[in-house]
Amino acid sequence: AGGEGRHLLLLHQEHQWLRRLSRGGGGHPDAEHPDVLTVMPSKMMKLHTTRSWGFMDMERGGQVLPDSIWKHGKFGQNVIIASLDSGVWPESNSFNDEGMAPVPKRWKGSCTDTAKYGVPCNKKLIGAKYFNKDMLLSHPAVVDRNWTRDTEGHGTHTLSTAAGRFVPRASLFGYANGTAKGGAPRARVAVYKVCWTGECATADVIAGFEAAVHDGADVITVSFGVDAPLADASSYFHEAVTLGSLHATIHGVAVVCSGGNAGPFEDTVVNSAPWVTTVAASTVDRDFPDQLTLGNNATMRGISLEASDLHSNKLFPLINGSSAALPNCTVNLATNCATGCLDPAKVKGKIVVCVRGGDVPRVMMGMTVLNAGGVGMILANGEMDGNDIQADPHVLPATMITYTEAVSLYNYMSSTPEPAANISPSKTELGVKNSPSIAAFSAHGPSGTLPYVLKPDVAAPGVDILAAFTEYVSPTEVAADKRRSEYAIMSGTSMACPHVSGVMGLLKAAHPNWSPAMMRSAVMTTARTQDNTGAPMREMDGKEATPFAYGSGNVHPNRAVDPGLVYDITPNGYFTFLCSLGFSTKDLSRLSSGKFTCPAKPPPMEDLNYPSIAVPALRHRMTIKRRLKNVGRPGTYRASWRAPFGVNMTVDPTVLIFEKAGEEKEFKVKVASEKDKLGRGYVFGKLVWSDGTHYVRSPIVVNALD
């Protein structure tokens, strides 16, 4: 805004004033300076923490399919994907540059590390910069040194998921063995380290966005965000990802963001600005099951990535963590197997039941059991966690079980004076049915900040994802765990986001002239809403998922390369939308370089030309406008739809004839509430435009009030 990094310098220099502002102080005297877009408080954002590409039909049996987007998109050749995250482990084979052509001449970036063991550039990893001035002012202790090297693993994992090269025989301690690969394996990558020890400061994030845009990135992948949705859209220009991504979008750079891990509750989705692609997390058809055998011969299915096995022909005594508490610990802490809370005299040689919860990391519970002399651990879900179980690389034989199984376990333990059990070794299981489903942790809509835009946009694989990792720490990130691995298995919308970033890179390579909105539209309108049994996608608790969980559906990359029609949005389209939100021409003048004026009567926010339709407050009736652009062959598209329950819906016209590529046609969707069917909250429908070959799908969500 008005000069490279100018407002960032203001943010850094005035950090102390910004703290006063956040406590309710007055306005800053430089806020009206022509080179300053906005002055905002510095806030902290959190990181949102192989099989997936085959599961999305881009390959089968290790072979690239003829219609794969990999072939159409040339594996992302010479596209540049930038990552704002915790840095990179450059020695990973996912970033080797063997056989790659010289760096594209348009690239302006570089690797700026001067510290010992800093990150060097090559023809694959073409940029590495760090930003920590804001973090040094607010939390200096978390900045280990001035470098771009990843000491946490999060940034390396997400970057290799988006654009890592093919690496055979990759695994985590033998699990998920196969060829690791990113979505756009021939893309170039650039790293902007803006996160330190899991937190990312406002000014550092904005500096990272500006540097990535200036250097020449085509796609920016962002797997972090604020803890909770913004209070309202008026604070848009005070939130780093929202502002930085708008700056990038205006310059033609696609931004993909994680939707957050506060699910499965509604109104938890973050990074919900309409100019970013917001991604939810779904499962793949791979699992890591083991078996828990009890002394009464009953068996339970668990899940784990444990590093060692118990003797298969022997049962071991069972004890609850709560029954082994040391005098200095509360029963609640011992129940969660908190560090230093288990009595070795009571635990030695036994399998300990630890209840998930509290502030104790799951792997740390196992470390506590091991240090107390336990031989194994059963990690039991509490009632709030239900059936959401996750595989972890435990330091001892362990399994994680659902709440339902946990109740059965407790009943058995109370029925005998000498409860005993054994845990079988885990295995890798493929072809798991009812996949994908929505991860329990994946944040849901509607967006309380901006209910006029349906978020998240799409879902993508985000559970038990194998990708490159730092060798600075263990894959468990527990200091006492001395194991190291070049690859790790992680879960989160953080892992889902770079899957879509990789697809965006492939679309950029296949269609260099497409705008970020056109690429997002292609991904959204071709997504799937069914699992691998043909049934509707479901939540982890078995309930049918809605667009608030998955947006338009689970991403289907091969279809996205040829969507037929797209919904495009220009920068002026976003500016007009901001006018509808209440921003003024003056507010937007610096972003638009003074070339945009708000209309005298801004259109309804529902009229933003988005690939989905959201009506958060339908009163009697409403007409929504949309515009489609042909990106395929000439053809005739006909509309079909399923109206949301209790809503009358029509489309006008029902036929659109496109005679050439690039041609645009408008249509209207009219919705009206049925008085006898009000009060059900949000209801869901869909609209499909088809020429018999392409199916351009849009979810419709309506909240009919009267």
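Residues numbered from 1 in each chain as written. Predicted model: local features only at pLDDT ≥ 70, side-chain atom pairs only at ≥ 80, totals over all residues. Heavy atoms only, no water.

Labelled according to an unreviewed UniProt entry, the chain appears under the name Subtilisin-like protease, originating from Aegilops tauschii subsp. strangulata.

(A) Molecular detail of the pairing of strand β21 (residues 398–401). Residues A398 and M400 point to one face of β21 and T399 and I401 to the other, with burial holding for every one of them. In terms of strand pairing, strand β20 (residues 376–380) meets β21 through 4 bridges, oriented parallel. Opposite A380, over in β21, you have I401 as the bridge partner. (Buried < 20%, exposed > 50% of the residue type's maximum accessible area, 1.4 Å probe, protein only. Helix = DSSP H or I, 4+ residues; strand = E, 2+ residues; numbered from the N terminus. Pairing = 2+ DSSP bridges.)

(B) Here's a closer look at the UniProt feature "domain: Subtilisin-like protease fibronectin type-III" (unreviewed entry) in the chain. Feature annotation in UniProt places "domain: Subtilisin-like protease fibronectin type-III" (unreviewed entry) on residues 607–702, given in this structure's numbering. Structurally, residues 607–702 is divided into 0% helix and 64% strand, and its ends, taken at the C-alpha atoms, are 14 Å apart. (UniProt positions renumbered as here; feature names shortened; annotations may be inferred.)

(C) Structural context of the sheet that holds strand β34 (residues 682–690). Overall, mixed pairing links the 5 strands, which are arranged β28-β35-β34-β30-β32 in an open sheet. Looking along the sheet, the strands with just one partner apiece sit at the ends: β28 (613–618) and β32 (655–658). Going from strand to strand, the sheet's axes swing by 20° on average, the running direction of each strand aside. Pairing analysis gives 5 bridges linking strand β30 (residues 635–642) to β34, with the strands arranged antiparallel. From the neighbouring strand, W641 faces β34, where its bridge partner is L687. (Axes fitted to C-alpha atoms, helices over the stretch in contact; angles between N-to-C directions.)

(D) Highlighting the nonpolar core. Counting 103 residues, the largest nonpolar core has I220, Y236 and L507 as its most contacted members. Considering every element that reaches this core, the biggest residue donor is helix α13 (residues 493–510), with 8 residues. Residues F288, L305, M400 and A468 belong to the second largest nonpolar core, which totals 35 residues. (Core = buried A, V, L, I, M, F, W, Y, C linked by side-chain atoms within 4.5 Å.)

(E) View of the sheet that holds strand β5 (residues 125–130). Across the sheet, 7 strands lie side by side as β5-β8-β4-β11-β13-β14-β24; this open sheet has parallel pairing. Two strands in the sheet have a free side with no partner beyond their single neighbour: β5 and β24 (458–461). Put simply, the sheet's adjacent strands are angled 25° from each other on average, direction ignored. Across 3 bridges, strand β13 (residues 254–258) lies against strand β14 (residues 277–282) in parallel orientation. Across the sheet, residue C257 finds its bridge partner in β14, namely T278. Across the sheet, helix α6 (residues 154–163) lies against β4 (80–85) and β8 (188–193), angled at about 160° from β4, the strand it touches most. Along the sheet, helix α8 (residues 240–250) makes contact with β11 (219–222) and β13, crossing β13 at roughly 155°. (Contact = heavy atoms within 4.5 Å.)

(F) Structural detail: the domain arrangement of the chain. Domain annotation for the chain reports domain 1 (77–285 + 436–561), domain 2 (289–427), domain 3 (570–607) and domain 4 (609–704). Measuring from the centre of the C-alpha atoms in domain 2 to the corresponding centre in domain 3 gives 57 Å. (Domains from an automatic or database assignment.)

(G) Molecular detail of the environment of N261. Within the element layout of this structure, N261 appears in the loop between β13 and β14. Within the structure, N261 has its side chain in polar contact with the side chain of T493 (distance 2.8 Å). (Polar contact = N/O pair within 3.5 Å; in protein donor to acceptor, adjacent residues only side chain to side chain.)

(H) Broad picture of the state of the cysteines. Scanning the model with the defined rule gives 5 disulfides in all. What pairs with C195 in a disulfide is C200, and their sulfur atoms sit 2.1 Å apart. Here the S-S torsion is close to 100°, and the disulfide linking C195 with C200 is therefore right-handed. An identical accessibility class is assigned to C195 and C200; each is buried. Shown here is the disulfide that connects C337 with C354, its sulfur atoms set 2.0 Å apart. Disulfide C337-C354: torsion about the S-S bond near -85°, hence left-handed. With C337 in the loop between α9 (331–335) and α10 (344–347) and C354 in strand β19 (residues 351–355), this residue pair connects regions lying 17 residues apart in the sequence. A relative accessible area of 0% means that C354 is categorised as buried. Taken N- to C-terminal, the disulfide-bonded cysteines of the chain are connected 1-2, 3-4, 5-7, 6-8, 9-10. Cysteine C257 remains unbridged, with the sulfur of C497 as its closest cysteine sulfur at 6.2 Å. Using a relative accessible area of 0% as the deciding quantity, one classes C257 as buried. (Disulfide = S-S within 2.5 Å.)

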